[in-house]
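# A closer look at the structure
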Amino acid sequence: MKIIVFASALLLLALPLVAGEHTAHKSESGWFDMEGCVFCKNLTEDPGLLPHMTWETHKISNGSMTVAMVEPAYRASYEKAGKAMEAIGTKMMNGEMNPMAASMCGHCKMFGQLMMAGASRQQIHGEIADVALITSDNAAVVAMIHQMVDRDNQEMQQMAPTKGDHDHHGHDHDHDHGHVHEH
């Protein structure tokens with residue numbers, strides 16, 4: 001069960017990394033790397049998946065909450081990416097793959113550190129949306145979770161189109177909360 005939680009958590013946390021044709025697949029710092037990260041690259045196998053998702057991540061008092069919505073036509077691609085990520089997590093957990101030797105972006109490395117520090121993960125699969133909670137009763141771990149949310153939002157903001165750059169739906173993606181949304 002811990003293996004599934006590890007990999008599926010990465011899927012939901014990695015979702016905000018890129019959102020369609022206007023956003024790069026790698027941040028300048030390497031915090032996000034949709035092409036080189038052993039986990040994240042699975043999200044780009046179907047080039048239509050990320051542009052047909054909506055998500056947002058928020059700090060909560062004891063951790064973070066991510067809400068992800070996938071258009072029905074792309075649900076199979078979403079589930080396939082999740083299974084591929086689970087398989088990688090399984091290999092790491094059972095010793096078939098050395099996590100220290102695997103190519104991972106900064107975000108996925110941080111997520112692994114959170115899990116090793118004792119963060120708890122809960123995922124709710126719904127018909128309308130999936131919700132992922134990463135929580136802890138340990139104030140130091142909660143601070144780490146909040147730092148990851150802040151870093152994710154900062155990196156997403158840097159990867160987002162500049163003000164006035166609109167997508168094909170005419171929506172400005174430079175939101176105050178730093179999330180990139182596609183409709």
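If you're wondering where the values come from, they're calculated on a predicted model, not measured in any experiment. Counting restarts for each chain, with residues numbered from 1 along the sequence as it is written. Whole-chain, interface and lining totals are the exception, using all residues; otherwise, since this is a predicted model, local features are given only for residues with pLDDT of at least 70 and side-chain atom pairs are given and counted only at 80 or more. Hydrogens are left out, water is left out, and the side-chain values use all remaining heavy atoms of the structure.

## Focus on the side chain of Glu-155
Relative to the helices and strands, Glu-155 is located in helix H4 (residues 139-159). Throughout this description, buried means an accessible area under 20% of the type-specific maximum (1.4 Å probe, protein chains only), exposed means over 50%, and partly exposed covers the range between. Since its relative accessible area comes to 4%, Glu-155 is described here as buried. Contacts described as polar in this section are N or O atom pairs within 3.5 Å, which, within protein, must combine one atom able to donate a hydrogen with one able to accept it, while residues neighboring in sequence count only if both atoms come from side chains. Within the structure, Glu-155 has its side chain in polar contact with the side chain of Ser-27 (distance 3.2 Å). A contact between two residues is defined here by any heavy atoms of the two lying within 4.5 Å. In contact with Glu-155, not counting residues within four places along its chain, are Ser-27, Ser-29, Trp-31 and Phe-32. Only DSSP runs of H or I with at least four residues qualify as helices, and only runs of E with at least two residues qualify as strands; both kinds are numbered from the N terminus onward.

## Some words on H4
In this analysis, the expected span of each helix is defined as 1.5 Å times one less than the number of residues it contains. With 21 residues, H4 extends 30 Å between its outermost C-alpha atoms, agreeing within 8% with the 30 Å of an ideal straight helix rising 1.5 Å per residue. Taken together, the buried positions of H4 are occupied by Val-141, Val-142, Ile-145, His-146, Met-148, Val-149, Asp-152, Asn-153, Glu-155, Met-156 and Met-159. For H4, the N-terminal capping position is held by Asn-138, with its side-chain oxygen 2.8 Å away from the main-chain nitrogen of Ala-140.

## A closer look at the pattern of salt bridges
Salt bridge, as applied in this entry: a Lys or Arg side-chain nitrogen positioned within 4 Å of an Asp or Glu carboxyl oxygen. Evaluated as defined, the whole model comprises five salt bridges. Between Asp-130 and Arg-75 there is a salt bridge, and its shortest N-O distance comes to 3.3 Å. With a gap of 55 residues between them, Asp-130 in strand E4 (residues 130-135) and Arg-75 in helix H2 (residues 75-93) connect regions that are remote in the sequence. For Asp-130, a relative accessible area of 0% puts it in the buried group. In this structure, Arg-151 and Glu-155 form a salt bridge, with 2.9 Å as the shortest nitrogen-oxygen distance. Placement of the pair is Arg-151 and Glu-155 together in helix H4, with a separation of four residues, close to one helical turn.

## Overview of the sheet that holds strand E3 (residues 120-125)
Sheet strands line up and pair through hydrogen bonds in the backbone, either parallel or antiparallel. A pair of strands counts as paired when DSSP detects no fewer than two bridges linking them. An order of E1-E2-E4-E3 is seen for the four strands of this open sheet, with the pairing classed as antiparallel. The open sheet has two edge strands with one neighbour each: strand E1 (53-60) and E3. Looking at each pair of strands side by side, their axes are set apart by 10° on average, direction ignored. Taken together, the eight bridges between E1 and strand E2 (residues 63-70) define a ladder with antiparallel strand orientation. Its bridge partner being in E2, His-58 is matched across the sheet by Met-65. Only C-alpha atoms enter the line fits that serve as axes; for helices the fit covers just the stretch in contact. Angles between N-to-C directions range over 0 to 180 degrees.

## A few points about the confidence of the model for the protein
Considering every residue of the protein, the mean pLDDT works out to 79; 74% of them sit at 70 or more. Residue-level confidence of the predictor is summarised by pLDDT, bounded by 0 at the bottom and 100 at the top. For the protein, helix H1 (residues 2-14) is the element with the lowest average pLDDT, namely 44, and E4 is the one with the highest, namely 96. Scored below 50 in pLDDT, residues 1-23 shows 85 contacts in the model against residues more than four places distant or in partner chains. Per-residue pLDDT stays below 50 along residues 163-183; that stretch engages in 48 contacts with residues further than four places along the chain or on separate chains.

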